[in-house]
Amino acid sequence: MSKKELAMELFDAGYNCAQAVLLAFSDDLDLSPTQAAKIALPFGGGMGQLREVCGALSGAFMVLGLRDSASAPPVSAEKAECYTKVREMAETFRLANGSILCRELLAQSRKDKPKNCRELVGNTAEQLDHFIQKNKS
């Protein structure tokens, strides 16, 4: 099953957008499903339903952080590399969807672009999977 299909299935099962994306990658991160679900819970609905940064994208950012952080606390080079990847992923998402903000994405879905959260979750997981493959170290 692809990451896209898995994320959409998790969303259909009741996980929020951030949880669905993080859970789709949790096996790759040595992260238990319970831990992933707990970590990502507050990020659904654009951060606790505040409609800020899309929860699916926030889940993708968590995946990038968990993949790239080797030391605790992270050294400056690790932070810089992770932040660069986050900005690149955000730009990929924005170009594909028109915004990174939940409120704007939801408004678009009501207007001219029939897009829903389930689709965004699946597409984000797919974009992230491609992004990871392209940026393998």
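Just so you know, these numbers come straight off a predicted model, no measurement behind them. (Residues numbered from 1 in each chain as written. Predicted model: local features only at pLDDT ≥ 70, side-chain atom pairs only at ≥ 80, totals over all residues. Heavy atoms only, no water.)

Turning our eyes to something else, we now look at the overall build of the chain. Secondary structure summary: the chain contains eight helices and zero strands in total. Secondary structure elements in the chain, listed N-terminal to C-terminal, are α-α-α-α-α-α-α-α. A globule of 137 residues ought to have a C-alpha radius of gyration of about 14 Å, and the chain, at 14 Å, matches this closely. If one aligns the C-alpha atoms of the chain with their principal axes, the spans along those axes are about 45 × 30 × 30 Å. (Helix = DSSP H or I, 4+ residues; strand = E, 2+ residues; numbered from the N terminus. Rg over C-alpha atoms; globule rule 2.2 N^0.38 Å.)

What follows deals with the nonpolar core. Nonpolar side chains tend to gather and get buried jointly when the protein is soluble and globular. One finds Leu 22, Phe 25, Leu 57, Met 89 and Leu 128 to be the most contacted residues of the largest nonpolar core, which totals 33 residues. Per-element tally for this core: the top contributor is helix H2 (residues 17-25), with eight residues. Not counting chain neighbours up to four residues away, the residues in contact with Met 89 comprise Leu 57, Ala 60, Phe 61, Leu 64, Thr 124, Gln 127, Leu 128 and Phe 131. (Core = buried A, V, L, I, M, F, W, Y, C linked by side-chain atoms within 4.5 Å. Buried < 20%, exposed > 50% of the residue type's maximum accessible area, 1.4 Å probe, protein only. Contact = heavy atoms within 4.5 Å.)

Glancing now at helix H5 (residues 55-68). In a regular helix each residue adds 1.5 Å, so 14 residues correspond to 20 Å; H5 covers 20 Å between its end C-alpha atoms and thus fits that length. Among the residues making up H5, those that are buried are Gly 55, Ala 56, Leu 57, Ser 58, Gly 59, Ala 60, Phe 61, Met 62, Val 63, Leu 64, Gly 65 and Asp 68. (Expected span 1.5 Å × (residues − 1).)

Attention now goes to the side chain of Lys 3. Position of Lys 3 among the secondary structure elements: in helix H1 (residues 3-12). Setting aside chain neighbours within four positions, we find Lys 3 in contact with Ala 24, Phe 25, Asp 28, Ala 125 and Asp 129.

As for its position among the elements, Met 8 is in helix H1. Sequence-wise, Met 8 and Glu 119 are 111 residues apart; in three dimensions their C-alpha atoms are separated by 7.4 Å. When near neighbours in sequence (up to four residues on either side) are disregarded, Met 8 contacts Arg 118, Val 121 and Gly 122.

Our focus in this paragraph is the environment of Gln 108. Relative to the helices and strands, Gln 108 is located in helix H7 (residues 102-110). Taking the relative accessible area as the measure of exposure, Gln 108 reaches 17% and is therefore buried.

Moving on to the state of the cysteines. Summed over the entire model, instances satisfying the criterion amount to zero disulfides. Left unpaired, Cys 54 is separated from the closest cysteine sulfur, that of Cys 17, by 5.5 Å. Its sulfur unpaired, Cys 102 is 6.0 Å from the next cysteine sulfur, which belongs to Cys 117. A residue is classified by how much of its surface remains accessible, and Cys 102, at 8% relative accessible area, is buried. (Disulfide = S-S within 2.5 Å.)

On to the pattern of salt bridges. Summed over the entire model, instances satisfying the criterion amount to six salt bridges. Residues Glu 91 and Arg 94 are paired through a salt bridge, measuring 2.6 Å at the closest nitrogen-oxygen approach. Taken together, the positions of Glu 91 and Arg 94, both in helix H6 (residues 76-97) and three residues apart, correspond to about one turn of that helix. Residue classification places Glu 91 among the partly exposed residues on the basis of a relative accessible area of 34%. (Salt bridge = Lys/Arg side-chain N within 4 Å of Asp/Glu carboxyl O.)

The angle between the axes and the distance between the axes are what describe a pair of packed helices. Between H6 and helix H8 (residues 117-134), the least distance of the axes is 11 Å, while the angle of their chain directions is 135 degrees. By the criterion of interaxial angle, the relationship of H6 to H8 is oblique. Considering the relative orientation of H6 and H8, their crossing is right-handed. Between H6, through Lys 85, Glu 88, Met 89, Thr 92, Phe 93, Ala 96 and Asn 97, and H8, the contact on the second element is made entirely by Leu 120, Thr 124, Gln 127, Leu 128 and Phe 131. (Axes fitted to C-alpha atoms, helices over the stretch in contact; angles between N-to-C directions. Parallel < 35°, antiparallel > 145°, perpendicular 65-115°, else oblique. Left-handed = near helix turned anticlockwise from the far one by under 90°.)

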